[in-house]
Amino acid sequence: MREVSHESITHFVIEEQKKTMKLTLSLLASGALSASAFTGSPLAFAPASVSRPSTTALDASKNKLKIASRTKWAESRGFGSAGVAESEGVTAGLMTNADGLEYVKLVHPDTGATSEVYLLGGVVTSYVDGDGQEFIAVRPDAKMDGSKPISGGLSHCWPQFGPGEIQQHGFARNVNWTVKSMTETSVELEMAPSDYTKEMWDKEFLCTFSVDLEADQLSTKMFVENKGEESFDFQAALHSYFTVSALENLEISGSFEGKEFLNKLAGDGGEMQTEERSAITITEEYDRVYKGINDPVLKDAGTGKTLSVLNTAGWEDTVLWNPYGDEGMGYNNFVCVESVKFDPVNLAGGASWTGDMALKPGSAE
């Protein structure tokens, strides 16, 4: 066998590298010329982009992975694959926010309207109608990580409204509700006694909160059952935060004119006053209880929208609240128009109570 010198091997390797280099340059030139036919400039050619998948393809792939993950999550909790659905590119089902809190997203297949309901506090934090208008507000200072109740949405005050024998506004907004059933457009949450609740209020209750995303409105139902033999008293409220383009654009109408109300900010401990206006505007800090009035309608000249708060059962009273001037709370972009059962309900053993409230958008024109 002929002996091959080290110099020959080196020369062979160098020549092969040169050939490879020429071939690569030739291919690049060919690609640049092809690209210039569409861009008008060979410099517009970017070799890396040739094999890069489109953004649409990536997003679709990621979305499929998310849906698959959420479907598995739903199935593990007994809701089946129906626990996650997709409509017009918007996913409905069980979700987790960036801070780890779980919520249910509802999507209407015909109108594209959406709603979000958090398990912490059983609170509805969003209702967007088919026109894309958001009606429910969450304050800019709200904590969405579970460290405290969510400041905003349709927040539950139960079994106490305001201060009293137990903590402010009760405990319903502090605990995680469980998903009892769900579809693409509805969810039913449940809150039962726990060691935490029994420490402050040892009653045999069961609360069910249902949210239905309909074509033209968002309907809610609070259903309270006394599972024990002894009666108990409770108060209830939906401490509802609604979006406002600006307070100067807002009017609240209803059966207010000529009615007495409790102005909790007047005098030393509040005082009864008479409402002289047919349409209420907010120009100062508000905390007012209108007993026997439950038909408020919000009119926002900035958005051209109205929102009727339809209290059809249980919710007898309305509370108006706004921390006027508090920039940290974002006072100028929300108002609380609360659906309330102010006088305590005495619920006998085996009995139940229902609070029905729906939000119906309309046009201000």
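Throughout what follows, the structure given in this document is the object of discussion. (Residues numbered from 1 in each chain as written. Predicted model: local features only at pLDDT ≥ 70, side-chain atom pairs only at ≥ 80, totals over all residues. Heavy atoms only, no water.)

### Some details on the overall build of the chain
A count of helical and extended segments in the chain gives three helices and 21 strands. Buried positions account for 44% of the 365 residues belonging to the chain. Once local pairs closer than 6 in sequence are excluded, the contacts in the chain between residues at least 24 apart make up 60%. Accessible surface computed for the chain: about 18800 Å², of which carbon and sulfur atoms make up 50%. (Helix = DSSP H or I, 4+ residues; strand = E, 2+ residues; numbered from the N terminus. Buried < 20%, exposed > 50% of the residue type's maximum accessible area, 1.4 Å probe, protein only. Contact = heavy atoms within 4.5 Å. Areas by Shrake-Rupley, 256 points an atom, 1.4 Å probe, with all protein chains shown as cover.)

### Brief notes about the pairing of strand S7 (residues 178-182)
The pairing of S7 with strand S8 (residues 186-191) spans four bridges and is antiparallel. Bridge pairing in S8 links Ser-181 to Glu-188. Hairpin connection, S7 to S8: the antiparallel pair is bridged by three residues. (Pairing = 2+ DSSP bridges.)

### A few points about the packing of aromatic side chains
In the structure shown here, the tally under the stated rule is 20 aromatic pairs. Taken together, a centroid distance of 6.3 Å and an interplanar angle of 80° make the contact between Phe-161 and Phe-342 edge-to-face. A residue pair is termed long-range when its members are at least 10 positions apart, and Phe-161 in the loop between strand S6 (154-157) and S7 and Phe-342 in strand S20 (residues 334-347) qualify at 181 residues. Taking 4.8 Å as the distance between ring centres and 25° as the angle between the ring planes, the aromatic pair formed by Phe-261 and Tyr-290 counts as stacked. Highlighted residues: Phe-261 in strand S13 (residues 260-263) and Tyr-290 in strand S16 (residues 286-290), separated in sequence by 29 residues. (Phe/Tyr/Trp six-rings, centres within 6.5 Å; stacked < 30°, edge-to-face > 60°.)

### So, the sheet that holds strand S21 (residues 352-363)
In spatial order, the strands read S7-S8-S9-S10-S21-S18-S17-S12-S15; together these nine strands make up an open sheet with antiparallel pairing. In this open sheet, the two edge strands, each paired with only one partner strand, are S7 and strand S15 (279-280). As defined by bridge partners, strand S17 (residues 297-300) adjoins strand S18 (residues 305-313) across four bridges and the pair is classed as antiparallel. Directly across from Leu-298, in S18, lies its bridge partner Leu-307.

### Some points on the nonpolar core
Within the largest apolar cluster, 60 residues are counted, with the highest numbers of intra-cluster contacts made by Trp-158 and Leu-359. In this structure, Leu-359 is in contact with Tyr-127, Ile-136, Leu-154, Gln-217, Leu-218, Phe-242, Leu-307, Ser-308 and Val-309, ignoring residues within four places of it in sequence. Counting nine residues, the second largest nonpolar core, distinct from the first, contains Leu-101, Val-123, Met-144 and Ile-150. (Core = buried A, V, L, I, M, F, W, Y, C linked by side-chain atoms within 4.5 Å.)

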